[in-house]
Amino acid sequence: MITIIRTKNYDEMSRRAANIMAAQITLKNDSVLGLATGSTPVGMYQELIRRCEAGDLDFSRVRSVNLDEYVGLERTHDQSYYYFMNNNLFKHVNIDPAQTFLPDGTCKDTEAECRRYHDVILGMGGVDIQLLGIGGNGHIGFNEPAEAFAARTHCVQLAESTIKANARFFASESDVPRFALSMGIGEIMAAKKILILASGKAKAEAVKGMVAGPVSPQMPASILQFHPDVTLVADEEALSLL
Ligand code: F6R
C-alpha cells in the first residue's frame, strides 16, 4: 500500500522525509537503514545532520546498507557512492563507520561481490526502513526497466537515459560508469518499511507509473504497489500527473 504525502516543494519534501527517518531512529535506536544516493535525498540528509548536531537524533547504534554503487570508481572518486555517503551524511553524524555498508564497486569479481553483499543484507537481520529515489524511467536502486525483476544484488548495465541523467555529476557523459552493483527488487521489497522521495516534473511520469500503472518490470517502481508499507513523499510537480 502506498501512502502519499504531498508537499509544496523540495524543501518541504526534505523536512517531511526527515520526520519519518527521525521517528524511525528515535523509536528504534538500533534501526537498520537502507540508504540511497542521488540529488533527491540530499536535503533530507542535511535536515538529519542538523537534528543530530542539535542533540535531537542519535545515530550511535544505527546500521546502514546502501542500495548501489558504480562499478570501477575508487572510493576516493567524488562521484562514488561511498564518497557521497561520507560527505552527505556519515561524517557529519555519530554513526559508527564500521556499521555502514555499500557494495564494493572496485571488486575484481562482481558476481562474488554481489553474493557477498546479499549476505551482508541478510546478516543485518532485516532492513527497518528503505529509502528510495526514483529514476525518470522508473528505476529504483539501479533496477532499470527490464524483462523481469531481479531478486538479489546484481551487476546492472545502466540504461542510456540513466547515463544521460547522471552525466550532470561528471565532467562528460563518457565519464559516467556503464555498470553498477545494485540491490535487487527482492531485497528492496523485503524491507519492513519503504520511504520513497520524488521531486520535480522530470519524475512525474515515473511517479504516475509507480502509483497508478500496471505492475511491470518495465516500470520497476510499480512493484511497490505490492509492498504493505510504502510512504511516498513527493512535491506537487512530481505528483502533477496523478
Ligand atoms: C541512488 C539510486 C537511484 C536514484 C535515482 C534518482 O542510490 O539508487 O535509484 O535514487 O536515480 O536519482 P536523483 O535523486 O539524482 O534524481
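Since the model is a prediction, treat every value here as computed from it, not as a measurement. (Residues numbered from 1 in each chain as written. Predicted model: local features only at pLDDT ≥ 70, side-chain atom pairs only at ≥ 80, totals over all residues. Heavy atoms only, no water.)

1. As for the layout of surface pockets
Worth spelling out the cut-off: Site definitions follow a grid-based scheme: protein atoms alone, a 1 Å grid, a 1.4 Å probe that fits but cannot get out for cavities, and for pockets an open set with protein on both sides within 12 Å along at least five of seven lines, plus lining residues having an atom within 4 Å of a point. Grid points are joined across faces, edges and corners, and a volume is the space filled by probe spheres set on the points. Under the DSSP-based scheme used, a helix requires at least four consecutive residues in state H or I and a strand at least two consecutive residues in state E, with every element numbered from the N terminus.
As a volume, the largest pocket reaches approximately 630 Å³. In terms of lining, the largest pocket is formed by 35 residues, of which the most central are Thr37, Gly38, Ser39, His139 and Asn166. Residue assignment for the lining of the largest pocket shows that the elements contributing at least two residues are strand 4 (68-70), helix 3 (81-88) and helix 5 (160-166). It is helix 3 that provides the largest number of residues to the lining of the largest pocket, a total of 5 residues.

2. Observations concerning helix 1 (residues 10-27)
Side chains of residues three or four places apart in an α-helix project in the same direction, reflecting 3.6 residues per turn. Keep this limit in mind: The length a helix should cover is 1.5 Å for every residue beyond the first. Residue burial is assigned from relative accessible area. The probe radius is 1.4 Å, only protein chains are included, and a residue is buried under 20% of its type maximum, exposed over 50%, and partly exposed in between. In this analysis, two residues are considered to be in contact whenever any of their non-hydrogen atoms come within 4.5 Å of each other. Each polar contact in these results corresponds to two N or O atoms within 3.5 Å; when the atoms are within protein, one needs to be able to donate a hydrogen and the other to accept it, and residues that are neighboring in sequence are counted only if both atoms are side-chain atoms.
Its 18 residues give helix 1 an end-to-end C-alpha distance of 26 Å, which sits within 8% of 26 Å, the value for a rise of 1.5 Å per residue. Buried within helix 1 are the following residues: Glu12, Met13, Ser14, Ala17, Ala18, Met21, Ala22, Gln24 and Ile25. Its buried side turned inward, helix 1 meets strand 1 (2-7), strand 2 (32-35), helix 2 (42-53), strand 6 (129-132), strand 9 (193-198) and strand 10 (230-235). For helix 1, the N-terminal capping position is held by asparagine 9, with its side-chain oxygen 3.3 Å away from the main-chain nitrogen of aspartate 11.

3. With respect to the site of the ligand
To keep things clear, this is the line we draw: The criterion for a residue being near a molecule or strand is simple. One of its heavy atoms has to lie within 4 Å of it. Three classes are used, and their members are as follows: Ala, Val, Leu, Ile, Met, Phe, Trp, Tyr, Cys and Pro are nonpolar, Asp, Glu, Lys and Arg are charged, and the others, Gly among them, are polar.
Thr40, Asp68, His139, Gly141 and Lys203 are the nearest of the 14 residues found near the ligand. Residue serine 39 places a main-chain N or O atom 2.8 Å away from an oxygen atom belonging to the ligand. For the shell around the ligand, the class distribution of residues is 3 nonpolar, 8 polar and 3 charged.

These results come straight from atomic positions and should not be treated as a statement about function.
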